[in-house]
Amino acid sequence: MQTAAEAVDLISPEYQAILRATHAKQSWGRTGHHFLQEVVTGYQELGCSTLLDYGSGRESLRIAIEYYYPSLVKEMVCYDPGIEDRSALPAPADFVVGTDVLEHVEPHLIDNVLDHMDSLMIKGGFLNIALTKAKRLLSDGSNAHLIVAGKYGSYMWLEMLERRSWVVVDYQGSAKRLKVWLRKEVGNAGSKARLLGP
């Protein structure tokens, strides 16, 4: 498992340039606040004080937390390699959030990104993963969702998530998205047997 310092291969320079050009031209990355209740519930249940919004976009989750729960989060960091002033590698946090992020990762780097998120998570986290094509196109004309898992996408993502040191505490899947609540357990080899049967 990589540490944050070792996880340098998270995005190609070419794709990073495309994301930055897309962010510069479009109002993009403003859906984090849609998952405010899921994030707050998981954060409070684990007794967290710090939060990392991994792939924060325009920081709509941070804005919503500061407005509705101004004293909840002691420290919140927003990380997004597609936005220059948020692209510095973050420090670990109690709770790591990734809403509508993982489907935008280059397929050949998804394991690196998941390992990086795992290395940053201290207590737990919440993920929302879109399973279908995006309505939005990137500045190069390609679909914004690079990983489109389709009909059985929830199973594909759960299998990838279960290879990390976190435990999948709960999940909700539909044809369009997968919501996942995670808890960190050092030494865990995954929770595949519990979720998918003996």
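Residues numbered from 1 in each chain as written. Predicted model: local features only at pLDDT ≥ 70, side-chain atom pairs only at ≥ 80, totals over all residues. Heavy atoms only, no water.

### Section: the pattern of salt bridges
Here is step 1 of the chain: Tallying each qualifying case throughout the model produces 10 salt bridges.
Here is step 2 of the chain: Salt-bridge contacts for Lys-184 lead to Asp-118; the nearest nitrogen and oxygen are separated by 2.7 Å. Of this pair, Lys-184 sits in strand 6 (residues 177–184) while Asp-118 is found in helix 4 (residues 110–120), placing the two residues 66 residues apart along the sequence. Comparing Lys-184 with Asp-118, the two get one shared label, buried.
Here is step 3 of the chain: When salt bridges that share partners are traced, they join Glu-59, Arg-62, Glu-66 and Arg-86 into one network. (Salt bridge = Lys/Arg side-chain N within 4 Å of Asp/Glu carboxyl O. Helix = DSSP H or I, 4+ residues; strand = E, 2+ residues; numbered from the N terminus. Buried < 20%, exposed > 50% of the residue type's maximum accessible area, 1.4 Å probe, protein only.)

### Some points on the packing of aromatic side chains
Here is step 1 of the chain: Enumeration over the complete set of coordinates arrives at five aromatic pairs.
Here is step 2 of the chain: Both rings, one in Phe-126 and one in Trp-181, keep their centres 5.2 Å apart while their planes meet at 55 degrees; by these two values the pair is tilted. Of this pair, Phe-126 sits in strand 4 (residues 121–130) while Trp-181 sits in strand 6; the two residues are 55 residues apart in sequence, bridging distant segments of the chain. Taken as a pair, Phe-126 and Trp-181 share a single burial class, namely buried.
Here is step 3 of the chain: Here the aromatic residues Phe-35, Phe-126 and Trp-181 are joined through ring pairs into a cluster of three or more. (Phe/Tyr/Trp six-rings, centres within 6.5 Å; stacked < 30°, edge-to-face > 60°.)

Purely geometric numbers; function is a separate question.
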